[in-house]
Amino acid sequence: MIKTKQLYEGKAKKVWETEDPNLLIVDYKDDATAGNGAKKGTIHDKGIINNRMSNFMMKMLEKEGVPTHYVEEISDRETVVKRVTIVPLEVIVRNIAAGSLSKRLGLPEGTPMKRPVLEYCYKDDALGDPMVNEYHILAMEWCTKEELDTIAKYAFAVNDFMVKYLKTLNLDLVDFKIEFGRLSDGTIVLADEISPDTCRLWDCDTKEKLDKDRFRRDMGGEEDAYKEVMRRLMGEVPED
């Protein structure tokens, strides 16, 4: 598979066209941002960890009946994916109060939720990715009711699997953000990534944060945290 033209460069990834119009190559970067790009930095080997963890999880989710854009990992930082049209929604599932939910509802961080909470945000950095509900989504025609029902079903399926699986690694899945896209035939699939950039992951015993919050909150130790997640998940870490 050969890169032919750079299609897009975002905060964490570059996307390239290939000789196959239905396939793209995603190239993960070490760049780190927070606050919709307001804070910028670098986390050493983040691109490798996010690429490999995301692919690892998506292959497992495929077996659980959740279709994804994943095709093939071709290097530590690069993956072939199916070309999709992204539905302009951040889909967030929360199991434990943290981040913006704690601020909005005045809940102490770490408060367990009685059931998973599903939220949607409109993908627009300039607007701060505002939270929206089903009525906004359908009124703006970002997707159909049938597509939104499918997205919700898959989001909860991802959560159910990941909560149980990560618990075996002594990790609590606090919350996570995922995105979905349409294939050329309209099929909805899981896209983007699953990584410490997009998931809040806490050690079950110590409640140590092993995710991007260490960068967001200037806690330090983000490189070690990302490597620890990869070690637990895959039994290895990137070589320096």
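Quantities reported herein were computed from a predicted structural model and do not represent experimental measurements.

Caption draft 1: Summary view of the overall build of the protein. Counting secondary structure elements, the protein contains six helices and 14 strands. What you see for the protein is a C-alpha radius of gyration of 17 Å, in line with the 18 Å of a compact globule of 240 residues. Its C-alpha atoms put the protein at 50 × 50 × 35 Å along the principal axes. Across the 240 residues that make up the protein, the buried fraction comes to 52%. Taking contacts inside the protein between residues at least 6 apart in sequence as the whole, the part at least 24 apart equals 56%. Surface exposure of the protein reaches about 11,500 Å², of which carbon and sulfur atoms provide 50%. One way to put it: in the protein the 37 positive side-chain charges average out to a point 3 Å from where the 46 negative ones average out.

Caption draft 2: Seen up close, the packing of helix H1 (residues 46-63) against helix H6 (residues 222-234). Taken N-terminus to C-terminus, the directions of H1 and H6 make an angle of 30 degrees; their axes are 10 Å apart at the nearest point. Classified by the angle between their axes, H1 and H6 sit roughly parallel to one another. Seen from above, H1 lies across H6 with left-handed handedness. The segment H1 lies against H6, with Lys-46, Ile-49, Asn-50, Arg-52, Met-53, Phe-56 and Met-57 engaging Tyr-226, Lys-227, Val-229, Met-230, Leu-233 and Met-234. In terms of residue class, the contact of H1 with H6 is built from nine nonpolar, one polar and three charged.

Caption draft 3: Broad picture of the nonpolar core. In this structure, Leu-89, Tyr-120, Met-162, Leu-166, Ile-178 and Leu-190 are the most contacted members of the largest nonpolar core, which totals 48 residues. At the level of secondary structure, the elements contributing two or more residues to this core comprise strand S4 (31-34), H1, strand S9 (89-96), helix H4 (145-167), strand S12 (171-182), strand S13 (188-191), strand S14 (199-203) and H6. With 10 residues, H4 is the largest single contributor of residues to this core. Apart from residues lying up to four places away in sequence, Tyr-120 is in contact with Leu-89, Glu-90, Val-91, Pro-130, Met-131, Val-132, Ile-137, Leu-148, Ile-151 and Ala-152. Core analysis: the next-biggest nonpolar cluster, separate from the first, contains five residues, Val-15, Leu-24, Val-26 and Val-81 among them.

Caption draft 4: How the structure looks around the environment of Glu-236. With respect to the helices, strands and loops of the structure, Glu-236 is situated in the segment after H6. Exposure remark for Glu-236: the relative accessible area of 33% places this residue in the partly exposed category. In this structure, the C-alpha to C-alpha distance between Glu-236 and Cys-199, residues 37 residues apart in sequence, is 19 Å. Setting aside residues up to four positions removed in sequence, Glu-236 forms contacts with Arg-52, Met-230 and Arg-231. A distance of 2.8 Å separates a polar atom in the side chain of Glu-236 from a polar atom in the side chain of Arg-52.

Criteria and cut-off values
- Residues numbered from 1 in each chain as written.
- Predicted model: local features only at pLDDT ≥ 70, side-chain atom pairs only at ≥ 80, totals over all residues.
- Heavy atoms only, no water.
- Helix = DSSP H or I, 4+ residues; strand = E, 2+ residues; numbered from the N terminus.
- Rg over C-alpha atoms; globule rule 2.2 N^0.38 Å.
- Buried < 20%, exposed > 50% of the residue type's maximum accessible area, 1.4 Å probe, protein only.
- Contact = heavy atoms within 4.5 Å.
- Areas by Shrake-Rupley, 256 points an atom, 1.4 Å probe, with all protein chains shown as cover.
- Lys, Arg positive; Asp, Glu negative; His and termini not counted.
- Charge placed at Lys NZ, Arg CZ, Asp CG, Glu CD.
- Axes fitted to C-alpha atoms, helices over the stretch in contact; angles between N-to-C directions.
- Parallel < 35°, antiparallel > 145°, perpendicular 65-115°, else oblique.
- Left-handed = near helix turned anticlockwise from the far one by under 90°.
- Nonpolar A, V, L, I, M, F, W, Y, C, P; charged D, E, K, R; others polar.
- Core = buried A, V, L, I, M, F, W, Y, C linked by side-chain atoms within 4.5 Å.
- Polar contact = N/O pair within 3.5 Å; in protein donor to acceptor, adjacent residues only side chain to side chain.

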